[in-house]
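Here is what each chain is made of, one letter per residue.
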Amino acid sequence: MTGLVIVGHGTRSAAGVDQFAALVERVRRRGDVGDVEGGFIELSRPPLTDAVGALVARGHRALVALPLVLTAAGHGKGDIPAAMAREQERHPGLSYRYGRPLGPHPLLHDALEERIDVALAGADRAGTALAAADRAGTALAGADRAGTWVALIGRGSTDPDANAEVAKVARLLWEGRGYAGVEPGFVSLAQPSVPAVLERLRRLGARRIVVAPYFLFAGVLPDRIVAQSAEFAAAHPDLDVRVAEVIGDCDALADLVRERYAEALGGDIRMNCDTCAYRVLMPGFADKVGRPQRPHDHPDDPVGHHHHHGHDHDHGSVAVVGGGPGPDDLITVRGKALLDAADVVVVDRLAPQGLLAGLRPDVLVVDAAKVPRGPSMAQESINAALVSHARAGRRVVRLKGGDPYVFGRGHEEVQACTAAGVPVTVVPGVSSAIAAPALAGVPVTHRGVAHDVTVVSGHLPPGHPDSLVDWAALARARGTVVLLMAVDTIAKIASVLIEHGRAPETPVLAVQDAGQADQRSVPARLDEIGAVAAREGVGPPAVFVLGPVVALTTTGPKA
């Protein structure tokens, strides 16, 4: 018979580990599953590799891997399959069928109902729970339930499909059971929070609330639900707030494990792919589409690299997003989607500021402005902020002007995140090096006029010991040159280019505040641009484009 490996996420709670082990043993005692082992992908012993290894050692070459998770989020969709793929590499010839997550399922709803009834009966621990509920009899199904609101609290996820499943369970739990109402909420990563749900129910007129953790086993997050509920109750002594037990090891859960095992053997897993954020572009979750499956590294799993999470498993991430040349509507679709989903936005001075007005009220905005000759946030401080917020489980967007990899120090931030073990993605943006000339009517290349374009930082003037630009070679080039950050150095740059062979009459256009209502263009010859820019008061942000393409301008300067 095909062996079953029950795969848990892992917890720092000894009670949670014991409950997982008890469930595995309960399924094993049933005797209708040929061979059973359980293991964790991180945090707890035994590691998954030990569980698979034990089954393989007993002769199994085909397994069912069942993710012991309530909702289909990142652990079930990516982490566990990746871990199983690693086991296949370790055990050539090993095959496995993957079971679907446990919920939503009527057996779980019934178990939740029992836990809520126990809380209504006044029992504190699961050991006396069911007896107390039985004694309460029909009273719990009548008046007590009619006056009781339930706050169903899930883990919370960055996967919208998983969060939606919790909302679905809340509705299914309400239907036909006689509660005054059931409201979903989350203890981590998603809103509404535990206090927010309790406050909503209070405003709806609730006087008795049962907080029902939608969790399988004990752990850090269920403990947090208890603490937050107690804190809210203390602040509102007129409310009767009770917390139900987690689902825990029980016959109903063992029955559901056996059902999912039988489904996998029969090839019937009925996964919901229509709203999977890893397959379908969901608003606010563009960073997930096509994300590769990667396993967690368990500390007791002898792989080459271990990353240890100092968390209760609140995974955060960083997206380094190019905001474009300035106008709000020139950010990419993916960049805007990530911005809409962000918990923290670390923003540059040249990023599209108008987009900040559309952020959710709870989004933290960190000003990382680097003002020329003015206030400036050190790059090391920016890197540290990105890492610390992501490690706290937040979705962080580093919103930069232009493209983050064009004189934007974007890769320095990516390197800092990678070194810290923080997931990071890069979203390219429209660079002002191309956009500013275009918005002024200048193509940086044109058939028969310019076949090359060179983008140069003018932050350091020619002759500066730290400059990496070969100004002499640049002067000999015939194509287009675009200068960024050159307001203070344009006179010196022009002089050196002419000195090394660029024609003095080469047309130059300075484009200031490209794409904004006050955009303006200032034309000049190469030998005059320094004086003209100073006389006209050209200031940052400004882009200088020089070469024969400037003569092709179609829109003319904007005053």
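Because the structure is predicted, anything quoted here is derived from the model rather than measured. (Residues numbered from 1 in each chain as written. Predicted model: local features only at pLDDT ≥ 70, side-chain atom pairs only at ≥ 80, totals over all residues. Heavy atoms only, no water.)

### Thoughts on the overall build of the protein chain
Here is step 1 of the chain: In terms of regular secondary structure, the protein chain is built from 18 helices and 18 strands.
Here is step 2 of the chain: Buried residues in the protein chain amount to 52% of all 559 residues.
Here is step 3 of the chain: By element, 54% of the accessible surface of the protein chain is carried by carbon and sulfur atoms, the whole surface being about 24,300 Å². (Helix = DSSP H or I, 4+ residues; strand = E, 2+ residues; numbered from the N terminus. Buried < 20%, exposed > 50% of the residue type's maximum accessible area, 1.4 Å probe, protein only. Areas by Shrake-Rupley, 256 points an atom, 1.4 Å probe, with all protein chains shown as cover.)

### Comments concerning the nonpolar core
Here is step 1 of the chain: Leu4, Ile6, Val27, Leu68 and Leu152 are the most contacted members of the largest nonpolar core, which has 44 residues in total.
Here is step 2 of the chain: Sequence-distant contacts of Leu4, defined by excluding residues within four places in its chain, comprise Val27, Val33, Asp35, Val36, Glu37, Leu55, Val64, Leu66, Val257 and Tyr261.
Here is step 3 of the chain: With 24 residues, the next largest nonpolar core counts Ile493, Ala510, Ala524 and Phe544 among its residues. (Core = buried A, V, L, I, M, F, W, Y, C linked by side-chain atoms within 4.5 Å. Contact = heavy atoms within 4.5 Å.)

### Notes on a nonpolar patch on the surface
Here is step 1 of the chain: Side chains of Val406, Phe407, Val453, Val455 and Met485 sit close together on the surface and give an oily, nonpolar patch of about 360 Å² of accessible area.
Here is step 2 of the chain: Inspection of the secondary structure assignment puts Phe407 in the loop between strand S12 (395-400) and helix H14 (410-419). (Patch = residues over 30% accessible without salt bridge, like charges linked within 9 Å, V, L, I, M, F, W, Y side chains within 5 Å. Salt bridge = Lys/Arg side-chain N within 4 Å of Asp/Glu carboxyl O.)

### Digging into the environment of Leu483
Here is step 1 of the chain: Counting through the fold element by element, Leu483 comes out in strand S15 (residues 480-484).
Here is step 2 of the chain: Residue class for Leu483 comes out buried when judged on its relative accessible area of 0%.
Here is step 3 of the chain: Between the alpha carbons of Leu483 and Leu546 there is a distance of 8.3 Å; along the sequence they are 63 residues apart.

### Concerning the pattern of salt bridges
Here is step 1 of the chain: On inspection of all chains with the given rule, the structure shows 34 salt bridges.
Here is step 2 of the chain: Salt-bridge contacts for Glu37 lead to Arg28; the nearest nitrogen and oxygen are separated by 3.9 Å.
Here is step 3 of the chain: Judged by relative accessible area, which is 17%, Glu37 ranks as buried.
Here is step 4 of the chain: Overall, the relative accessible area of 33% leaves Arg28 in the partly exposed class.
Here is step 5 of the chain: We note a salt bridge from Arg535 to Glu536, for which the minimum N-O separation is 3.9 Å.
Here is step 6 of the chain: Residue class for Arg535 comes out exposed when judged on its relative accessible area of 60%.
Here is step 7 of the chain: Each of the salt bridges in this network shares a partner with another, and the network as a whole consists of Arg26, Arg30, Asp32, Asp249, Asp251, Asp255 and Arg258.

### Focus on unusual backbone geometry
Here is step 1 of the chain: Gln191 connects to Pro192 through a cis peptide bond whose omega is 5°.
Here is step 2 of the chain: Mapped onto the secondary structure, Pro192 falls in the loop between strand S6 (181-186) and helix H9 (194-203).
Here is step 3 of the chain: At the junction of Pro540 and Pro541, the peptide bond is cis and its omega measures out at 0° in the coordinates.
Here is step 4 of the chain: Mapped onto the fold, Pro541 is located in the loop between helix H18 (529-535) and strand S18 (542-546).

### Digging into the pairing of strand S3 (residues 62-67)
Here is step 1 of the chain: Of all the six residues making up S3, five are buried; the element is thus mostly covered by neighbouring parts of the structure.
Here is step 2 of the chain: Across five bridges, the pairing between strand S1 (residues 3-8) and S3 is parallel. Directly across from Val5, in S3, lies its bridge partner Ala65.
Here is step 3 of the chain: Judged from the four bridges that link them, S3 and strand S4 (residues 95-98) form a sheet pairing that is parallel. Bridge pairing in S4 links Val64 to Arg97.
Here is step 4 of the chain: In terms of handedness, the path from S3 via helix H3 (residues 74-90) over to S4 forms a crossover that is right-handed. (Pairing = 2+ DSSP bridges. Right-handed = clockwise from strand over helix to strand, strands pointing away.)

### Notes on the side chain of Arg520
Here is step 1 of the chain: In this structure, Arg520 sits in strand S17 (residues 520-525).
Here is step 2 of the chain: Buried and without a salt bridge, Arg520 has Glu536 as its closest oppositely charged side chain, separated by 4.0 Å.
Here is step 3 of the chain: At a separation of 2.6 Å, a polar atom in the side chain of Arg520 contacts the main-chain carbonyl oxygen of Glu536. (Lys, Arg positive; Asp, Glu negative; His and termini not counted. Polar contact = N/O pair within 3.5 Å; in protein donor to acceptor, adjacent residues only side chain to side chain.)

### Observations concerning the packing of aromatic side chains
Here is step 1 of the chain: Under the defined criterion, the tally for this structure stands at three aromatic pairs.
Here is step 2 of the chain: An angle of 90° between the planes, with centres 6.4 Å apart, marks the rings of Phe20 and Phe217 as edge-to-face. Of this pair, Phe20 sits in helix H1 (residues 14-30) while Phe217 sits in the loop between strand S7 (208-213) and helix H10 (220-235); the two residues are 197 residues apart in sequence, bridging distant segments of the chain.
Here is step 3 of the chain: Taking relative accessible area as the criterion, Phe20 reaches 4% and is therefore assigned buried. (Phe/Tyr/Trp six-rings, centres within 6.5 Å; stacked < 30°, edge-to-face > 60°.)

### A few points about the confidence of the model for the protein chain
Here is step 1 of the chain: Looking at the protein chain as a whole, the pLDDT averages 88, with 86% of positions reaching at least 70.
Here is step 2 of the chain: Scored below 50 in pLDDT, residues 123-141 makes 22 contacts in the model with residues more than four places away or belonging to other chains.
Here is step 3 of the chain: Of the regions scoring below 50 in pLDDT, residues 304-314 engages in 32 contacts with residues more than four places distant in sequence or in other chains. (pLDDT = per-residue confidence, 0-100.)

### Side note on helix H4 (residues 106-121)
Here is step 1 of the chain: Compared with the 22 Å implied by 1.5 Å per residue over 16 residues, the 22 Å span of H4 between its first and last C-alpha is a close match.
Here is step 2 of the chain: The complete set of buried residues in H4 reads Leu108, His109, Ala111, Leu112, Glu113, Arg115, Ile116, Asp117, Val118, Ala119 and Leu120.
Here is step 3 of the chain: Gly122 sits one or two residues past H4 and shows a positive phi near 95°. (Expected span 1.5 Å × (residues − 1).)

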